[in-house]
Amino acid sequence: MKSLPIRMDRTWVDEFQTKVDRDSDWADWERFQLAVEAAEAEIVPTFESIQSLKQIQGFDPLPHQIDVTKRVINEMRGRAILADEVGLGKTIEAGLILKEYIIRGLVKRALILVPSSLVLQWTRELNQKFQIPAVAQKKGWMWDQYDFIVASLDTAKRDPHRSCVLSKHYDIVIVDEAHKLKNRRTKNWQFINELRKKYCLLLTATPVQNEMAELYNLVTLLKPGQLGKQTDFQSDYVAGKRKAKNEAQLREEISRVLIRNRRRDSQLHLTKRKVKTITIELSPEERALYDGITQFVRSKYREGTDLKSMLSLLVLQKEVCSSRDAVFHTLFKLVKKGEEQKEEVSPEVAHLIRLLRNVRSSSKVEQALRLIKELSPEKVILFTEFRATQDMLLRELTQAGIPAVPFRGGFNRNKKDWMMELFQKRAQVMVATEAGGEGINLQFCHHMINFDMPWNPMRVEQRIGRIHRLGQQHDVSIYNFSTLNTIEEHIIWLLQEKIQLFETVIGELETILEKMEDESLEHNLMRIMLETHDEAQIRQHLDRWGDTFHQVRHAVAVENEAKEELLRYEPTTN
Amino acid sequence: MNQQQIRSFTERYLRLQGCHIIESGPAHITTRLSIQADKDLLNRPFYWMYVEKMNIEPQPVTLNLVFDPANQPPGLKGEALFFGAPRFSQILRSAQKHGRFARLYQVPKGKEAFASQSKAYTPWLGVNYKLSYICDQKKDRLLSLGINLISGEITPDFYQQAQSFQWQSKLPAHRHLLPPRLSLNEAVGELEYVVHEQIQNEDLSWAEQAQERCEAELAQLDSFYPDSLSEEAERDKKQRREEIVWQYAPRAELHCINAGLFYAEAQTFS
């Protein structure tokens, strides 16, 4: 090194001279000392140490998150693909890295690009967890006004925003859901490539979805040439769409820009799931209603209804497994529709309404109250698919003197937060209709009741995921309510006995379901139920569906392992 | 800084800023800010513009600063103050802003204060620098230097030395000042020369390594792009080159934290 360039800031000399000339506004000795101490506090004396860990409050990053932060800063030099599996906290890792660069004054202007549905959540996390004054981009003028902006990639890449964003220099660009950049010929990829940036983090749980070229494209955004020229990459490393050659060498090159933590590799063992099916016998009145509805649904189906009506029949069939109130809601709508068309209420609907009136109490509710009282004071989250059931449950719980709060998708962010806080601090029960949606973390609760069962395995998994996640200290108890001799019993059998949805986390559930390709399980179930009459036959159909599920699951796992092999990191020991 | 240090720093800051302490509990402090502190910490310039234009009674904000959230009084709506909290960063910034330039006179020791003959004070310029070493990473250190404005003699650790004496803002009785021979600009030039020398003689292996990383990346970039390039590829390559230099190029930056004119007896600094 010949000589190190040094930039000496001299702007202060004039200021000082002005003070001397005017002879006023001098600081005294104490203030002078306080200023030095303030400056000393902000000094970072070493390159490698991670300061951001000392400057966060309210949560403790997990060991693998700290490790990622160190590797990205000290080894990857701030350009990296963060590819942890879902649920291991890539947002936390990105936040720690960003915070570290801000503390050191290496980042003064940051752009965080995420799917539009996650803009507010990212902004909140950066504000609350990391005290980073990030704002959500809403208006065009904000690109110029704020230094830390969270924006939707789809907005940013379109004019007039595009030209505005491309005219700036960003010390760091963070892209969440970066698998959207897998194709070099897309606007997304070209936009990120054109952005002027010093550091860059790409976050994705699936760096290789379909072919190896995707990974090549991601790496090229960070460091063109890291995996060689495109043609060389094809001939050196690619044996097939998803098959690599010269694996050891490729793996090493990849590990210089990509970090992937997997649940099973790290010490991130989740607590156990304990599953209990609680069988419930319907009262004679409830039985009559169930049979009445089932017959009604079947006869309508046989009359040959269009798809839309079939969907509402499906709802009705599910509702009758949930509560009288839920059925009432749909029947009421049917009647009202009839009135509008000046038709008499059909005798079959009138019959159903009579049956419904006869039902005075709910066996499921009684069971739920019993169970919740047994578990008291432990907290319980109770899931139902239907608003009407939710309202009814809240009424019943209140009547029984059990403090309960509602939760549903329609609540705005503040109300959701408020309800979560009430649940944590005041209530014993949360009655929820919605499981999806990020930022709903209920680790302080470890009992869950499936008051009714969604017919879609993804929704079931989402429900469990609310409480069975990193940070949960206890084993999680799942209580499935199953009414004897109803379709519900079959579904719970399928989900629990046949595909073991509850006990274990099925990786790639979404992929498996997508690959099964025929219509959704919900429609499948509906048809099986409507077209077969005897129970044994239903069971047989479901059994076959379950077998296919297992085959596809196996195939997906085999394919994934081949991909994972490439992303495995082996720290060199020397 | 631990919570104890944060509290004592904050207390000193509030006192020096003339803030009124309403309540001081084991876990928190309730304070009504002075106008100056309100302007620095609350960031509400429009309010202050309004107050000053309309000539109305200013209402500085009252803050509940909590140092130990686990033990704060129930019902208190306060904000936690910890290292990394935005409010504490503002306090640090404000403290630096108000202690930037000083002119100080050595406080005479005991009986000397009443000497019959006037004693001469020599002028020194003392500067506290923050020296940052930057590549894709960054580290800093404090560097304090002083220069005798008559002889041009330079002393290291000036601030540390000054701390073993007492300083006041008014010239004590029976003391007179010797006129400086060096201008401020000349003196600063001398100090910068010394800093420059110091840095070039330091262990610069970190900078060499950063330079190597930079060159390796540039080489990789060259091998990635073919010799003849489309206009678009040419632009890509140029941009990426600039980014690599921006990311890795090693350099140092020198900033002044604060500076003062110190008038002292001969032989005070060595």
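Reading the values: rules and limits
Residues numbered from 1 in each chain as written. Chains lettered and ligands numbered in written order. Predicted model: local features only at pLDDT ≥ 70, side-chain atom pairs only at ≥ 80, totals over all residues. Heavy atoms only, no water. Contact = heavy atoms within 4.5 Å. Buried area = accessible area lost by both parts, 1.4 Å probe. Salt bridge = Lys/Arg side-chain N within 4 Å of Asp/Glu carboxyl O. Polar contact = N/O pair within 3.5 Å; in protein donor to acceptor, adjacent residues only side chain to side chain. Nonpolar A, V, L, I, M, F, W, Y, C, P; charged D, E, K, R; others polar. Pairing = 2+ DSSP bridges. Helix = DSSP H or I, 4+ residues; strand = E, 2+ residues; numbered from the N terminus. Domains from an automatic or database assignment. Axes fitted to C-alpha atoms, helices over the stretch in contact; angles between N-to-C directions. UniProt positions renumbered as here; feature names shortened; annotations may be inferred.

**Section: the interface of chain B and chain A**
Every contact between the two is made by 83 residues of chain B and, on the other side, 70 residues of chain A. Carbon and sulfur atoms make up 61% of the surface buried where chain B meets chain A, a total of about 7,500 Å² over both sides. Three residues stand out in chain B for area buried against chain A, namely F101(B), F224(B) and W246(B), and they jointly supply 11% of the buried area on that side. The interface formed by chain B and chain A includes 9 salt bridges. Counting every contact that joins chain B to chain A gives 28 residue pairs in polar contact (both at pLDDT 80 or more). Grouping the constituent residues of the side of chain B that touches chain A by class yields 43 nonpolar, 20 polar and 20 charged. Sheet topology note: the strand β1 (residues 6-8) of chain A/strand β11 (residues 251-264) of chain B ladder contains 3 bridges and is parallel. For I6(A), the partnering residue across the bridge sits in β11(B) and is A252(B).

**Considering the environment of A288(A)**
Among the structural elements, A288(A) can be located in helix α13 (residues 284-302). For the pair A288(A) and L352(A), spaced 64 residues apart in the sequence, the C-alpha separation amounts to 9.3 Å.

**So, the domain arrangement of chain A**
Residue and element names in this part refer to chain A. Segmentation of chain A into domains returns domain 1 (52-267), domain 2 (273-280 + 362-564) and domain 3 (284-358). For domain 2 and domain 3, the distance between their C-alpha centroids amounts to 25 Å. Facing 27 residues of domain 2, the contacting portion of domain 3 comprises 21 residues. In total, about 2,000 Å² of surface goes out of reach between domain 2 and domain 3, with carbon and sulfur atoms giving 61% of it. When the area that domain 2 buries against domain 3 is broken down by residue, the three leading residues are F386, M526 and L530, summing to 28%. For the interface between domain 2 and domain 3, the tally reads 2 salt bridges. For E385, the salt bridge goes to K318, with nearest N and O atoms at 3.6 Å. One can count 10 residue pairs in polar contact (both at pLDDT 80 or more) joining domain 2 with domain 3. Breaking the side of domain 2 that touches domain 3 down by element, the ones donating at least two residues are α17 (363-375), α18 (387-399), α21 (487-498) and α23 (521-531). Here the side of domain 2 that touches domain 3 takes 7 residues from α23, the largest share from any one element.

**A word on the sheet that holds strand β11 (residues 273-280) of chain A**
Residue and element names in this part refer to chain A. Here we have 6 strands laid out as an open sheet, ordered β11-β16-β15-β12-β14-β13, and parallel in their pairing. Edge positions in the sheet fall to β11 and β13 (404-407), since each has one partner strand and no second. Adjacent strand axes in the sheet meet at a mean angle of 20° when their direction is disregarded. Relative to strand β14 (residues 429-432), strand β12 (residues 380-383) runs parallel, the two sharing 4 bridges.

**Some words on the UniProt feature "domain: Helicase ATP-binding" (unreviewed entry) in chain A**
Sites flagged by UniProt as "domain: Helicase ATP-binding" (unreviewed entry) map to residues 71-225 of chain A. Along residues 71-225 of chain A the backbone is 41% helical and 20% strand, and the end-to-end C-alpha distance reaches 21 Å.

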